[in-house]
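Here are the chains, one letter per residue:
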Amino acid sequence: MRTYTPKPAEVTRTWHVIDATDVVLGRLASQVAVLLRGKHKTTFAPHVDGGDFVIVINADKVALTGAKLEQKKAYRHSGFPGGLKSTSYTELLAKNPAKAVEKAVRGMLPHTTLGREQLTHLKVYAGPEHPHAAQKPQPFEISQVAQ
């Protein structure tokens, strides 16, 4: 019996829309990463981009537990010596909430060319509106314990 490997032409992609209102950031990011990688499908293969498209709306209403809102830092580096910049998540969520969600999901995807390709299938919007109605996205519910 040979191992089945899905061909890129055989992959069927669906669109999911996730409402991030009052969802903990890490739990949201892990669910989104599973959908982007395609681990919820029976045809999953770690070397094939077989995941779905994910739209995250209301990214500005995402929750962080404990004191992470004030204490957790988001880092970026310019590539030059001494170029490390840091901002608190309070500032990041106020200025660019989509960046906070993208950063969390990026950390849960493979750090390879395949992971970068899968990250292009993520669309994050701060408000409740998105321009992808023509793709007919299916609502995806994240079941979690109330915080």
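What counts as what
Residues numbered from 1 in each chain as written. Predicted model: local features only at pLDDT ≥ 70, side-chain atom pairs only at ≥ 80, totals over all residues. Heavy atoms only, no water. Buried < 20%, exposed > 50% of the residue type's maximum accessible area, 1.4 Å probe, protein only. Helix = DSSP H or I, 4+ residues; strand = E, 2+ residues; numbered from the N terminus. Pairing = 2+ DSSP bridges. Right-handed = clockwise from strand over helix to strand, strands pointing away. Phe/Tyr/Trp six-rings, centres within 6.5 Å; stacked < 30°, edge-to-face > 60°. Core = buried A, V, L, I, M, F, W, Y, C linked by side-chain atoms within 4.5 Å. Contact = heavy atoms within 4.5 Å. Arc of directions from axis to C-beta.

Give a description of the pairing of strand β2 (residues 53-57) that names residues and reports values.
Counting buried residues along β2, 5 of its 5 residues qualify, which places the element largely inside the surrounding structure. The side-chain alternation of β2 yields two buried faces, one formed by Phe-53, Ile-55 and Ile-57 and the other by Val-54 and Val-56. Bridge count between strand β1 (residues 15-19) and β2: 5 bridges; the pairing is parallel. Bridged to His-16 within β2 is Val-54. Handedness of the crossover joining β1 and β2 through helix α1 (residues 25-37) is recorded here as right-handed. Of the pairings in the sheet, the one linking β2 to strand β5 (residues 122-124) comprises 3 bridges and is parallel in character. Across the sheet, residue Val-56 finds its bridge partner in β5, namely Val-124.

Before we move on, could you go through the packing of aromatic side chains and cite the residues and values that matter?
All chains considered together, the criterion is met by 1 aromatic pair. Geometrically, the ring pair formed by Trp-15 and Phe-53 is stacked, given 4.4 Å between the ring centres and 5 degrees between the ring planes. Of this pair, Trp-15 sits in strand β1 while Phe-53 sits in strand β2, and the two are 38 residues apart along the sequence. You'll find Trp-15 and Phe-53 in the same group, each marked buried.

Would you mind going over the pairing of strand β4 (residues 84-88) in detail, with residue names and values included?
Looking at chain direction, strand β3 (residues 73-77) and β4 are connected through 5 bridges and run antiparallel. Bridge pairing in β4 places Lys-73 opposite Ser-88. In textbook terms, the turn of a hairpin is the stretch between consecutive antiparallel strands, and for β3 and β4 this stretch comprises 6 residues, one of which, Gly-79, has a positive phi near 100 degrees.

Break down the nonpolar core for me, with residues and values.
With 29 residues, the main nonpolar core has Leu-28, Val-32, Val-54, Val-56, Val-101, Val-105 and Leu-122 as its most contacted residues. Contributions of two or more residues to this core are made by α1, β2, α3 (89-95), α4 (97-106) and β5. Top contributing element to this core by residue count: α1, with 7 residues. Setting aside residues no more than four positions away along its own chain, Leu-122 makes contact with Val-32, Leu-36, Val-54, Val-56, Glu-102 and Val-105. Ranked by size, the runner-up nonpolar core spans 5 residues in total, among them Val-17, Phe-53, Ile-55 and Ile-57.

Can you explain unusual backbone geometry? Please cite residues and give values.
At Asp-22, a residue that is not glycine, the phi angle is positive and equals roughly 55 degrees. Its identity as a non-glycine residue notwithstanding, Asn-58 has a phi of 60 degrees, on the positive side. The residue Asn-58 is located in the loop between β2 and α2 (68-71) in this model.

Go over α4, please, and point to the residues and values.
Turning to α4, its buried residues are Pro-97, Ala-98, Ala-100, Val-101, Ala-104 and Val-105. Along α4, the residues classed as buried sweep out an arc of 160 degrees about the axis, all on the same side. At its buried positions, α4 is contacted by α1, β2, α3, α5 (113-119) and β5.

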